[in-house]
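So the chains spell out like this:
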Amino acid sequence: MNPRKFLATLFMVFAASIAAATDPVQLARPTVPELEYLKVVNDNSPVDDPRLVFLLMAHYQSAQRTQEGIEHFETLLKRFDGKISSSQRAVYLTALGLLRANHAAKVSFMSRIGWVNETKRVFSDAKKTTKEPLFIARWGHGIFQVTCPLPAVPA
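Residue numbering note: each chain is counted from 1, following its sequence as written. Per-residue local features are limited, in this predicted model, to residues with pLDDT of at least 70; the limit for side-chain atom pairs, both in listing and counting, is 80 or more; totals at the level of whole chains, interfaces and linings are taken over all residues. With hydrogens and water set aside, each side-chain value is computed from the structure's full complement of heavy atoms.

### Focus on the nonpolar core
Thought 1: Definition of nonpolar core: a set of buried residues of the types Ala, Val, Leu, Ile, Met, Phe, Trp, Tyr and Cys, connected through side-chain atoms within 4.5 Å. Each residue gets one of three labels from its accessible area relative to the maximum for its type: buried under 20%, exposed over 50%, partly exposed in between, using a 1.4 Å probe on protein chains only. One finds Val53, Met57, Phe73 and Tyr92 to be the most contacted residues of the largest nonpolar core, which totals 34 residues.
Thought 2: Secondary structure follows DSSP: runs of H or I at least 4 residues long count as helices, runs of E at least 2 residues long count as strands, and numbering of each begins at the N terminus. Those elements that provide at least two residues to this core are α3 (33-44), α4 (50-62), α5 (66-79), α6 (86-103), α7 (109-129) and α8 (135-147).
Thought 3: Tallying contributions element by element places α6 first for this core, with nine residues.
Thought 4: Not counting chain neighbours up to four residues away, the residues in contact with Phe73 comprise Val53, Leu56, Met57, Tyr60, Tyr92, Ala95, Leu96 and Leu99. For this analysis, residues touch if any pair of their heavy atoms sits within 4.5 Å.

### Focus on the packing of aromatic side chains
Thought 1: Any two of the Phe, Tyr and Trp rings considered here, Trp counted by its six-membered ring, make a pair once their centres fall within 6.5 Å; the pair's planes then place it as stacked at under 30 degrees, edge-to-face at over 60, or tilted in between. Evaluation of the coordinates by the stated rule reveals three aromatic pairs.
Thought 2: Here Tyr60 and Phe73 contribute two aromatic rings whose centre-to-centre distance is 6.5 Å and whose plane-to-plane angle is 70°, an arrangement assigned as edge-to-face. Remark: Phe73 occurs in helix α5 and Tyr60 occurs in helix α4; sequence separation between them is 13 residues.
Thought 3: Look at Tyr60 and you get buried, because its relative accessible area is 1%.
Thought 4: A residue is classified by how much of its surface remains accessible, and Phe73, at 0% relative accessible area, is buried.

### Some thoughts on a nonpolar patch on the surface
Thought 1: Exposure above 30% relative accessible area and the lack of any salt bridge qualify a residue for a patch; like charges then connect within 9 Å, and the nonpolar side chains Val, Leu, Ile, Met, Phe, Trp and Tyr within 5 Å. All accessible-area figures derive from a Shrake-Rupley calculation using a 1.4 Å probe, and residue coverage is judged against the displayed protein chains alone. For this document, the term salt bridge refers to a Lys or Arg side-chain nitrogen within 4 Å of an Asp or Glu carboxyl oxygen. On the surface, a nonpolar cluster with roughly 330 Å² of combined accessible area is contributed by Phe135, Trp139 and Ile143.
Thought 2: Looking at the element boundaries, Ile143 is found in helix α8.
Thought 3: Judged by relative accessible area, Ile143 falls into the partly exposed class, the value being 33%.

### Remarks on the packing of α6 against α8
Thought 1: For every element, the axis is a line fit to its C-alpha atoms; helices are fit only across the contacting stretch, and the angle between N-to-C directions ranges from 0 to 180 degrees. Across the interface, α6 lies against α8 with an axial gap of 9 Å and an inter-helix angle of 10°. When the axis of α6 is compared with that of α8, the two are roughly parallel. On α8, the residues touching Val91, Thr94, Leu98 and Ala101 of α6 are Ile136, Ala137, Trp139, Gly140, Ile143 and Phe144.
Thought 2: Here the term charged refers only to Asp, Glu, Lys and Arg, the term nonpolar to Ala, Val, Leu, Ile, Met, Phe, Trp, Tyr, Cys and Pro, and the term polar to all other amino acids, Gly among them. Split into classes, the residues belonging to the contact of α6 with α8 amount to eight nonpolar, two polar and no charged. Oblique is the label for every angle not falling under 35 degrees (roughly parallel), over 145 degrees (roughly antiparallel), or within 65 to 115 degrees (roughly perpendicular).

### Quick notes on the confidence of the model for the protein chain
Thought 1: For every residue, the pLDDT score states the predictor's confidence, bounded by 0 at the bottom and 100 at the top. For the protein chain, per-residue confidence averages 78 on the pLDDT scale, and residues scoring 70 or more make up 76% of the total.
Thought 2: Across the protein chain, the element-wise mean pLDDT spans from 46 in helix α1 (residues 3-21) up to 95 in α5.
Thought 3: Here residues 6-23 is a poorly scored stretch, pLDDT under 50, and it has three contacts once near neighbours within four places are set aside; other chains count.

### Some points on α7
Thought 1: In a regular helix each residue adds 1.5 Å, so 21 residues correspond to 30 Å; α7 covers 30 Å between its end C-alpha atoms and thus fits that length.
Thought 2: Every buried residue belonging to α7 is among Arg112, Trp115, Val116, Asn117, Thr119, Val122, Phe123 and Ala126, and all of these are buried.
Thought 3: Here the buried face of α7 lies against α5, α6 and α8. Multiply 1.5 Å by the residue count of a helix minus one, and that product is the helix's expected span.

And the structure:
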């Protein structure tokens, strides 16, 4: 066999094996063990301790994976619907709302008003879900109002 062809073939096989073995998403987003652990803990069943929910939310934010966190909390709310108390639902909605508020600046300008209105609805639902005033839901709504990337828009 011609040495040039052999080297070209060897290079092609090597390049193909490298391309198949590397996932660009995995290379761009390194695994955060604490985030993965908290995802498993929160996925297993509804948690009674709200600190676990907010730790998961904080890890999504610190890892700059707010979109992934939003999708995860929306999935948890759907999965646990009917299995959680009103105060637990308010905690999950508040965490979702805070992730949405953090992500609002990354939403395209043309979609931002709808995004902000939907986030306001999430916080409103969190406040209305419980009969007793839940401090964390009111606090989350206040943080959102202060950091909102747009002025108040009628819903």
